[in-house]
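# Secondary and tertiary structure notes
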Number of protein chains: 2
Amino acid sequence: MADQFRSRCAIASALEIIGDKWTLVVIRSLMLGATSYSDLLGAPERIATNILADRLNRLESWGLVESAPAPPGGRARGRYQLTTAGADLLPILQAIAAWGEAHLPDRWRVPDWFWNATPNDLLKRP
Amino acid sequence: MADQFRSRCAIASALEIIGDKWTLVVIRSLMLGATSYSDLLGAPERIATNILADRLNRLESWGLVESAPAPPGGRARGRYQLTTAGADLLPILQAIAAWGEAHLPDRWRVPDWFWNATPNDLLKRP
């Protein structure tokens, strides 16, 4: 059977899902507590709305993020949350953050809870 | 001073260096023992030569890979090797590999040494 990925390498395959400049920035924002589209759009990196919409669609289609639609008639917007597979990206983001702190000068300090968190912690938040 | 990155977030900044489909595939190949341009070009993902050349240039300019030029007059080609900062990407690749093995079916088995390796191990190889 033809594989949908470039190879069966776990690293190369995963990078076809998360290997771009923005996908893991969106995941980071969700891990830090963003829940709405406007929360995500308001991240300091100033993601363009078409890129954000595309990445959320991709993340939903890969089963890493799920959205709860807005309640009918209300003014509330939809909410986005990590799935189990999405929360399991946490060790990747922790490793990227550690590398960035070690090798890029003058970055913001990563909050202590982030280093100590587990994927399960991200799923238990209200 | 204006920052060269989108924000001072360590994750978002690092992704401007490694956040694409190919950069960490090249790093993976170097970690698995590739040393020459043709080794890298021969990886199973069939990277295009213009993309490989671009990523190697970027990796050298960021100080993650260094190249030793071919000796004059010989038939030997240049050699690429990870710098300390490049070898320090290992925990990111280990985390990506673990996520890929856990969430993508039917990937190749990651060799045991890879899980147990440290960045320093990658620098000590002949």
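Residues numbered from 1 in each chain as written. Chains lettered and ligands numbered in written order. Predicted model: local features only at pLDDT ≥ 70, side-chain atom pairs only at ≥ 80, totals over all residues.

### Points about the overall build of chain A
Secondary structure summary: chain A contains eight helices and two strands in total. Overall, chain A shows an N-to-C arrangement of helices and strands of α-α-α-α-β-β-α-α-α-α. Counting only C-alpha atoms, chain A reaches 45 × 45 × 30 Å along its principal axes. By the burial criterion, 37% of the 126 residues in chain A qualify as buried. Of the contacts formed within chain A by residues at least 6 apart in sequence, a portion of 46% connects residues at least 24 apart. (Helix = DSSP H or I, 4+ residues; strand = E, 2+ residues; numbered from the N terminus. Buried ≥ 20, exposed ≤ 12 C-beta atoms within 10 Å, placed from the backbone. Contact = placed C-beta atoms within 7 Å.)

### Things to note about the relation of the copies chain A and chain B
For the match of chain A to chain B, the screw axis carries a shift of 0.0 Å, the RMSD comes to 0.0 Å, and the turn is 180 degrees. Viewed as a symmetry operation, the transformation between the two copies matches a two-fold axis. Judged by C-alpha distance, Asp20(A) is the residue of chain A that lies nearest the rotation axis, at 2.0 Å. Comparing interface residues between copies, 100% of those in chain A also sit at the interface in chain B, which points to an isologous, same-surface contact. (Least-squares fit on C-alpha atoms with pLDDT ≥ 70 in both.)

### So, the interface of chain A and chain B
Listed per partner, the contact involves 39 residues of chain A and 39 residues of chain B. Of all the secondary-structure elements, those providing two or more residues to the side of chain A that touches chain B are helix H1 (10-18), helix H2 (23-31) and helix H6 (90-103) of chain A. Per-element tally for the side of chain A that touches chain B: the top contributor is H6(A), with 12 residues. Grouping the constituent residues of the side of chain A that touches chain B by class yields 23 nonpolar, five polar and 11 charged. (Nonpolar A, V, L, I, M, F, W, Y, C, P; charged D, E, K, R; others polar.)

### Let's talk about unusual backbone geometry
The residue Asp106(A) is not glycine, and still its phi comes out positive at about 65 degrees. The class of Asp106(A) is exposed, set by 9 C-beta atoms lying within 10 Å.

### Overview of the environment of Asp54(A)
Looking at the element boundaries, Asp54(A) is found in helix H4 (residues 49-61). A sequence separation of 31 residues divides Asp54(A) from Thr23(A), and the C-alpha atoms of the two residues are 9.5 Å apart.

### Observations concerning the environment of Gly42(A)
All names here are of chain A. Structurally, the position occupied by Gly42 is in the loop between helix H3 (37-41) and H4. Given 12 C-beta atoms within a 10 Å radius, Gly42 is considered exposed. Taking C-alpha positions, Gly42 is 9.6 Å from Ser29, a pair spaced 13 residues apart along the chain.

### Some details on the nonpolar core
With 68 residues, the main nonpolar core has Ile11(A), Leu93(A), Ile96(A), Ile11(B), Leu93(B) and Ile96(B) as its most contacted residues. Ile96(B) has contacts with Ile11(A), Ala14(A), Leu15(A) and Ile92(A), leaving out every residue within four places of it along the chain. (Core = buried A, V, L, I, M, F, W, Y, C linked by C-beta atoms within 7 Å.)

### A closer look at the environment of Asp121(B)
Relative to the assigned elements, Asp121(B) resides in helix H8 (residues 119-124). Residue class for Asp121(B) comes out partly exposed when judged on the 14 C-beta atoms lying within 10 Å of it.

### Regarding the packing of H6(A) against helix H1 (residues 10-18) of chain B
It is at 8 Å that the axes of H6(A) and H1(B) come closest, and there the two elements cross at 85 degrees. The orientation of H6(A) relative to H1(B) falls into the category roughly perpendicular. Mapping the contact onto sequence places Leu93(A), Ile96(A), Ala97(A), Trp99(A), Gly100(A) and Glu101(A) in H6(A) and Ala10(B), Ile11(B), Ser13(B), Ala14(B) and Leu15(B) in H1(B). (Axes fitted to C-alpha atoms, helices over the stretch in contact; angles between N-to-C directions. Parallel < 35°, antiparallel > 145°, perpendicular 65-115°, else oblique.)

### Side note on helix H2 (residues 23-31) of chain B
Counting buried residues in H2(B) gives nine out of nine residues, a clear majority hidden from the surface. After H2(B) finishes, the residue Gly33(B) shows a positive phi value of roughly 120 degrees.

### Quick look at the confidence of the model for chain A
Here chain A averages 93 in pLDDT, and 93% of its residues register 70 or above. As scored by the predictor, the complex reaches a pTM of 0.94 and an ipTM of 0.93. (pLDDT = per-residue confidence, 0-100.)

### So, helix H6 (residues 90-103) of chain B
Each full turn of the α-helix corresponds to 3.6 residues, which orients residues three or four apart in the same direction. Taking 1.5 Å of rise per residue, the 14 residues of H6(B) would be expected to cover 20 Å, and the 20 Å separating its terminal C-alpha atoms lies within 8% of that figure. A large share of H6(B) lies buried, amounting to 10 of its 14 residues. (Expected span 1.5 Å × (residues − 1).)

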